[in-house]
Amino acid sequence: MAISNFETTIGLEVHIELKTNSKAMSPSPVEYGAAPNQNTNVIDWGYPGVLPQANRGAIEAGMMAALALHADITPDLHWDRKNYFYPDNPKAYQITQQFEPIAKDGWLEIEVDGQKKRVGITEMHVEEDAGKNTHGTNGYSYVDLNRQGTPLIEIVGAPDLTSPDEAYAYLEALKETIQFTGISDVKMEEGSMRVDANISIRPIGSKQYGTKVELKNLNSFNYVRKGLLFEEQRQAKAYLAGETLKQQTRRYDETTGETILMRVKETADDYRYFPEPDLAPIHIDQPWINTVAQKLPEDAKTRRQRYVEELGLDTYDAEVLTQTLAMANFFDATVAEGANPKRASNYLMGDVNAFLNANHQDLEDTKLIPKHLADMIKLIDEDVISTKMAKQVFKAITDGQEPVQYVEDHNLKQLSDPAILLPMIEEVLDNNEQSVQDFLGGKERATKALIGPIMKATRGNANPNVVNDLLHQALEARR
């Protein structure tokens with residue numbers, strides 16, 4: 001059904017898990033995939049009398065996000081308690097920044113169908129996460145508090161989005177921006193990026209927003225788009241049928257492609273916010289902001305421009321290399337070690353990506369290092385090894401081996417010395433008179449029958465380009 005008579009308003013709330021060593025308010029380690037309840041302590045368990053201590057690294061990560069998103073950092077902020085009871089939240093409250101968020105009034109640029117648009121960011125909060133509650137099929141529920149207290153930044157987008165496609169583009173741009181600050185892996189599959197969407201529709205020309213519906217449990221960008229598309233249609237049907245929409249929370253069902261009512265939406269009063277009594281206020285001065293700003297890595301857009309304009313890569317290569325911060329950093333480090341940029345790009349997009357996919361690994365989890373890749377590329381460019389030999393060397397460097405030493409130990413150097421190659425070539429010509437006569441008679445293809453025996457005589461180590469030149473010289477000398 002078309003919704004041409006309505007206009008859509010969408011605002012996204014995105015929670016980003018910060019990549020700190022310890023939790024937001026406790027010294028417990030932050031580690032994805034640890035055994036249940038392994039990374040916990042008495043603060044995470046909510047024992048009476050224990051006191052939290054704010055993680056400076058989480059505050060600085062929030063500042064980096066604010067700087068990357070062009071937001072104004074709040075100079076004086078304090079913590080607040082958001083009260084609610086749920087089994088995976090043993091304290092029965094969450095420490096957040098309801099009244100003095102770490103930053104306000106940011107923006108992010110998106111592009112849809114060639115049209116650029118600036119989307120506002122209302123505010124950002126640093127806060128702690130709740131644990132994980134799992135409902136088993138055996139009638140029991142299980143609580144894992146490893147995630148309890150993990151530092152988050154909540155990014156509240158302004159209601160500037162007008163379509164599901166814009167929402168998708170916003171999430172892609174936000175993920176890239178945050179990833180290139182280095183403060184988070186932003187992996188939805190691991191829960192380090194989570195999205196709630198607010199959507200309403202109203203008749204075109206109406207000055208009053210429609211009734212807002214929140215969509216939760218959206219675990220992929222595509223499901224965000226699909227959920228919003230369905231909700232547009234559902235709300236339009238309700239309006240046209242004369243129904244009164246209520247503010248509510250719904251979830252997206254991937255199986256049916258529909259949204260399902262979860263509950264009538266709570267109000268802020270339900271959470272009974274009040275200032276956190278166990279944590280002191282924090283003052284953020286300009287020198288601190290300047291120090292954090294110096295730690296910000298180069299953003300993806302700037303890198304793409306540099307790769308094209310300074311390194312001579314094409315736009316496609318630049319876009320592929322900046323899909324992740326790890327890949328871009330690895331490429332930069334490889335070039336810094338002296339590798340040819342284009343060959344380094346080709347290897348990262350080709351052999352390296354194939355290796356990562358085959359082994360289901362992230363680049364930072366492998367034994368491959370930029371210097372080894374750069375040294376291997378230099379061996380190719382200097383004609384020490386052929387691209388065929390490089391396949392064997394590449395396998396070695398993915399296992400952490402040093403390429404120059406590996407080539408030496410396995411006798412993989414290309415043979416390029418004419419003094420050694422010419423006698424071998426002459427011997428092959430003496431034993432293949434028919435091919436020689438065919439060449440002299442004008443059949444250039446005859447050289448293919450001669451190159452094989454030469455390569456065999458050198459055990460495949462001869463430099464093909466040198467062999468080709470010397471072979472033609474030897475043949476011409478027999479005219």
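Residues numbered from 1 in each chain as written. Predicted model: local features only at pLDDT ≥ 70, side-chain atom pairs only at ≥ 80, totals over all residues. Heavy atoms only, no water.

This is how the line gets drawn: UniProt positions are given in the numbering used here, feature names are shortened, and annotations may be inferred rather than shown by experiment.
As recorded by an unreviewed UniProt entry, the protein chain carries the name Aspartyl/glutamyl-tRNA(Asn/Gln) amidotransferase subunit B and is attributed to Weissella kandleri. Its UniProt record gives the protein chain a comment under Sequence similarities (unreviewed entry), which states: "Belongs to the GatB/GatE family. GatB subfamily."

### Points about the sheet that holds strand β11 (residues 193-203)
Backbone-to-backbone hydrogen bonds join strands into a sheet, with any given pair of strands oriented parallel or antiparallel. The following threshold applies: Strands are labelled as partners when DSSP assigns at least two bridges between them. Working definition: helices are DSSP H or I runs of at least four residues, strands are E runs of at least two. Numbering for both runs from the N terminus. In this analysis, two residues are considered to be in contact whenever any of their non-hydrogen atoms come within 4.5 Å of each other. To define axes, lines are fitted to C-alpha atoms, for helices over the stretch in contact only, and angles between the resulting N-to-C directions are given on a 0 to 180 degree scale.
In spatial order, the strands read β2-β6-β7-β10-β1-β11-β12-β13-β14; together these nine strands make up an open sheet with mixed pairing. Strands with a single pairing partner mark the edges of an open sheet, and in this sheet they are β2 (72-73) and β14 (258-264). Two strands pair when backbone bridges link them, and strand β12 (residues 213-218) and strand β13 (residues 248-253) are joined in this way by four bridges, in the parallel orientation. By the bridge assignment for β13, V213 is matched with Q248. Taken strand by strand, helix α2 (residues 56-68) contacts β2, β6 (103-112), β7 (115-128) and β10 (151-157), and its axis lies near 170 degrees from that of β7.

### Thoughts on the layout of surface pockets
Empty pockets left among the atoms are what a rolling probe the size of a water molecule brings to light. Inclusion rule: A 1.4 Å probe that fits but cannot get out identifies a cavity on a 1 Å grid over protein atoms alone, an open set with protein on both sides within 12 Å along at least five of seven lines counts as a pocket, and a residue lines either if it has an atom within 4 Å of a point. Grid points are joined across faces, edges and corners, and a volume is the space filled by probe spheres set on the points. Each residue receives one of three labels: charged for Asp, Glu, Lys and Arg, nonpolar for Ala, Val, Leu, Ile, Met, Phe, Trp, Tyr, Cys and Pro, and polar for the others, Gly being one of them. Residue ranges for the domains trace back to a domain assignment, done automatically or taken from a database.
Within this model, the second largest pocket holds a volume of roughly 920 Å³. Along the wall of the second largest pocket there are 30 residues; nearest its centre are Q179, T322, Q323, T324 and L325. Elements with a contribution of two residues or more to the lining of the second largest pocket: α3 (164-179), α7 (315-321), α8 (325-336) and α9 (341-359). Residue classes in the lining of the second largest pocket are distributed as nine nonpolar, ten polar and eleven charged. Shared between two domains, the lining of the second largest pocket holds at least three residues of each, these being domain 1 (3-283) and domain 2 (298-409).

### Here we look at the pattern of salt bridges
As a reminder of what qualifies: Definition used for salt bridges: Asp or Glu carboxyl oxygen within 4 Å of a side-chain nitrogen of Lys or Arg. Exposure is judged per residue with a 1.4 Å probe applied to protein chains only, and the accessible area is read against the type maximum: over 50% gives exposed, under 20% gives buried, and values in between give partly exposed.
Going through the model one piece at a time under the given rule, you end up with 29 salt bridges. Linking D332 and R306 is a salt bridge whose minimum nitrogen-to-oxygen distance equals 3.2 Å. Separated by 26 residues along the polypeptide, D332 in helix α8 and R306 in helix α6 (residues 300-309) bring together distant segments of the chain. Looking at D332, the relative accessible area reads 19%, which means it is buried. Ionic pairing is found between K367 and D399, a salt bridge with its closest N-O pair at 3.8 Å. In this pair, K367 sits in the loop between α9 and α10 (370-381) while D399 sits in the loop between α11 (387-397) and α12 (403-409), placing the two residues 32 residues apart along the sequence.

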